[in-house]
Amino acid sequence: MSVESIVQSTRIVLASRPDGAPTADNFRLEAVNLPEPADGQVLVRVIYLSLDPYMRGRMSAAESYADPVEIDEVMVGGTVGQVVDSRHPDFATGDYVLGYAGWQSHAVVDGNQLRTLDRDAAPLSTAVGVLGMPGFTAYSGLLKIGQPKAGETVVVAAASGPVGSAVGQIAKLKGARAVGIAGGPEKCAYLLDELGFDAAVDHRSPNFAEELRAACPDGIDVYFENVGGAVAAAVLPLLNLYARVPVCGLIAQYNDTGVPEGPDRLPGFFTRVLVKSLTIRGFIQREFVSEMYADFQRDVSGWIREGRFAYREDIVDGLENAPAAFIGLLRGSNFGKLVVRVAEEN
């Protein structure tokens, strides 16, 4: 790479750790010159950046399933990009690749961390959405842990989002009854009219608990947990004997800085676990990659081609707008899979 061809990357780094909900001050936009790729490395131009709730946990130094982002480091995130320069035999200039380059316009990454994408098989953005980590989270967690059976009731919170919308549709394809919980009448209508859910309940309603009970007259057999908080509290009394609860996230609690006020509900929770013989298992989707990823790609891409599976994307233009979009994500402002379009496709 000559002096004339030096590539400058625009990137967003973690400027400080948030205390509670993240703010714009926790991020910093900066520009850096990238080194020339070494043997086995690839220079990638980022096109799409995925924004996901798990990133809030990575901003904190608290113990988690993954190391935190350090101060002044690039924010993490799944990306779709195009190869600009390659020193790896499996990638050529112009190839589209799925990787984990994070919040930046360009990155030098190891080739063994990339996967080639077929632009003609599906829109590139779906590789970080319905055909990527969120879709696989829904597929693996529901089928491996939830194990829905025909005629059972499956409830999922944040149901209009990329994980929840997939959970409900897969449940329907397996013959179960799908009940979605979402925020606001527009999102609830989307669940019913476009995704084919059997019922939708607005968690913002003052009568949410009663409305959820009415939507689940036979109780709940599978609750796909990705929210926690008041939603989980309303679900718990409705769980049937031997109900299964896959837990992939707790977005309502990510900004908490201490123990919630009020009575200790843990004894009541464990009493319910015992008397109803509940199965509750947390999981990270990567646990199931070797076992289920090929089936996931085959099944979901097939359902999409057959017109049996829908998805929605919420695309924000410009890397500089990623912090505001992410802050909104944690408030439920997005409608569909939140993706930042960092650059145009060629």
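Owing to the predicted nature of the structure, the values given are computational and were not obtained by experimental measurement.

Student: What exactly am I supposed to notice about the pattern of salt bridges here?
Tutor: Pairing between side chains becomes possible if they bear opposite charge and their charged atoms approach one another. Tallied over the full model, the rule gives 16 salt bridges. Of the charged contacts, one joins Asp198 and Lys172 as a salt bridge, the two residues approaching to 2.9 Å between their closest N and O atoms. A residue pair is termed long-range when its members are at least 10 positions apart, and Asp198 in the loop between α4 (185-193) and β10 (199-202) and Lys172 in helix α3 (residues 162-173) qualify at 26 residues. The exposure class assigned to Asp198 is partly exposed, which follows from its relative accessible area of 36%. Looking at Lys172, the relative accessible area reads 32%, which means it is partly exposed. Two residues, Arg298 and Asp295, come together in a salt bridge whose shortest N-O distance is 3.1 Å. Within this pair, Arg298 and its partner Asp295 are both found in helix α8 (residues 289-305), separated by three residues, close to a single helical turn. Overlapping salt bridges, with partners in common, bring together Arg11, Arg28, Glu30 and Asp72 in one network.

Student: Honestly, the packing of helix α2 (residues 133-146) against α3 in this entry has me stumped. Any pointers?
Tutor: When two helices pack together, their arrangement is captured by the angle between the axes and the distance separating the axes. One way to put it is that α2 packs onto α3 with a least axis distance of 8 Å and a crossing angle of 45 degrees. The angle between the axes of α2 and α3 places the two elements in the oblique class. When you trace α2 past α3, the crossing you get is right-handed. For the pair α2 and α3, contact is made by Pro134, Thr137, Ala138, Tyr139, Leu142 and Leu143 and by Pro162, Val163, Ala166, Val167, Ile170 and Ala171, respectively.

Student: When you look at helix α9 (residues 322-330) in this model, what are you seeing that I'm missing?
Tutor: An α-helical segment advances 3.6 residues per turn. Residues three or four places apart therefore align on the same side. Among the nine residues of α9, eight are classified as buried, and the element is accordingly described as predominantly covered. Among the residues making up α9, those that are buried are Ala322, Pro323, Ala325, Phe326, Ile327, Gly328, Leu329 and Leu330. Of the surrounding secondary structure, the elements contacted by the buried residues of α9 are β1 (8-14), β2 (27-33), β3 (41-50), α1 (54-58), β14 (313-317) and β15 (337-341). Downstream of α9 by one or two residues, Gly332 has phi in the positive range, about 80 degrees.

Student: What exactly am I supposed to notice about the domain arrangement of the protein chain here?
Tutor: A common measure of how large an interface is: the accessible area buried when the components associate. Along its sequence, the protein chain is carved into domain 1 (6-128 + 311-339) and domain 2 (131-284). For domain 1 versus domain 2, the separation of C-alpha centres amounts to 29 Å. Every contact between the two is made by 22 residues of domain 1 and, on the other side, 15 residues of domain 2. Interface of domain 1 and domain 2: buried area, both sides summed, is about 1,500 Å²; carbon and sulfur atoms make up 62% of it. Linking domain 1 with domain 2 are zero salt bridges, by the criterion used here. The set of elements that each furnish at least two residues to the side of domain 1 that touches domain 2 consists of α1 and α9. Considered class by class, the residues forming the side of domain 1 that touches domain 2 number twelve nonpolar, five polar and five charged.

Student: Looking at this structure, how should I read the side chain of Asn26?
Tutor: Residue placement: Asn26 occurs in the loop between β1 and β2. Judged by its relative accessible area of 6%, Asn26 is buried.

Student: Looking at this structure, I do not really get the state of the cysteines. What am I missing?
Tutor: Joining two cysteines, a disulfide is a covalent bond between their sulfur atoms. All chains considered together, the criterion is met by zero disulfides. Of all cysteine sulfurs in the structure, the one in Cys188 sits closest to Cys216, which takes part in no disulfide; the separation is 13 Å. The exposure class of Cys216 is buried, given its relative accessible area of 3%. Its sulfur unpaired, Cys248 is 18 Å from the next cysteine sulfur, which belongs to Cys216.

Student: Could you clarify how one ought to interpret the packing of aromatic side chains in this entry?
Tutor: The geometry of an aromatic ring pair comes down to the distance between the two centres and the angle between the two planes. This model, assessed by the stated rule, comprises twelve aromatic pairs. Their ring planes at 90 degrees and their centres at 5.3 Å tell us that Tyr190 and Phe335 sit as a pair that is edge-to-face. Taken together, the residues span a long stretch of sequence, with Tyr190 in helix α4 and Phe335 in the loop between α9 and β15 at a distance of 145 residues. Each of the two residues, Tyr190 as well as Phe335, counts as buried. Geometrically, the ring pair formed by Phe283 and Phe288 is tilted, given 6.0 Å between the ring centres and 40 degrees between the ring planes. Of the two residues examined, Phe283 and Phe288, each falls in the buried class.

Student: For this particular structure, what's the right way to read the environment of Val156?
Tutor: Residue placement: Val156 occurs in strand β8 (residues 153-156). What Val156 contacts, discounting residues up to four positions off in sequence, is Gly164, Val167, Gly168, Val179, Gly180, Ile181, Phe197, Phe224 and Asn226.

Student: Can you walk me through the sheet that holds β8 in this structure?
Tutor: Two orientations exist for strands paired in a sheet by backbone hydrogen bonds: parallel and antiparallel. Sheet architecture is open: six strands sit in the order β10-β9-β8-β11-β12-β13, paired in parallel fashion. For this open sheet the edge positions go to β10 and β13 (279-282), each flanked by a neighbour on one side alone. Taking each pair of neighbouring strands and ignoring which way they run, the sheet shows an average axis angle of 15 degrees. Packed onto the sheet, α2 meets β8, β11 (220-224), β12 (239-247) and β13 and runs at close to 145 degrees relative to β11.

Student: Would you take a moment to explain the nonpolar core for this structure?
Tutor: Soluble, globular proteins show a tendency: their nonpolar side chains are buried together. Grouped together as the largest cluster of nonpolar side chains are 34 residues, with contacts concentrated most on Leu142, Val167 and Val300. Residues in contact with Leu142, not counting those within four places in the same chain, are Thr137, Gln147, Pro148, Val154, Val167, Ile170, Ala171, Val222 and Phe224.

How each quantity is defined
Residues numbered from 1 in each chain as written. Predicted model: local features only at pLDDT ≥ 70, side-chain atom pairs only at ≥ 80, totals over all residues. Heavy atoms only, no water. Salt bridge = Lys/Arg side-chain N within 4 Å of Asp/Glu carboxyl O. Helix = DSSP H or I, 4+ residues; strand = E, 2+ residues; numbered from the N terminus. Buried < 20%, exposed > 50% of the residue type's maximum accessible area, 1.4 Å probe, protein only. Axes fitted to C-alpha atoms, helices over the stretch in contact; angles between N-to-C directions. Parallel < 35°, antiparallel > 145°, perpendicular 65-115°, else oblique. Left-handed = near helix turned anticlockwise from the far one by under 90°. Contact = heavy atoms within 4.5 Å. Domains from an automatic or database assignment. Buried area = accessible area lost by both parts, 1.4 Å probe. Nonpolar A, V, L, I, M, F, W, Y, C, P; charged D, E, K, R; others polar. Disulfide = S-S within 2.5 Å. Phe/Tyr/Trp six-rings, centres within 6.5 Å; stacked < 30°, edge-to-face > 60°. Pairing = 2+ DSSP bridges. Core = buried A, V, L, I, M, F, W, Y, C linked by side-chain atoms within 4.5 Å.

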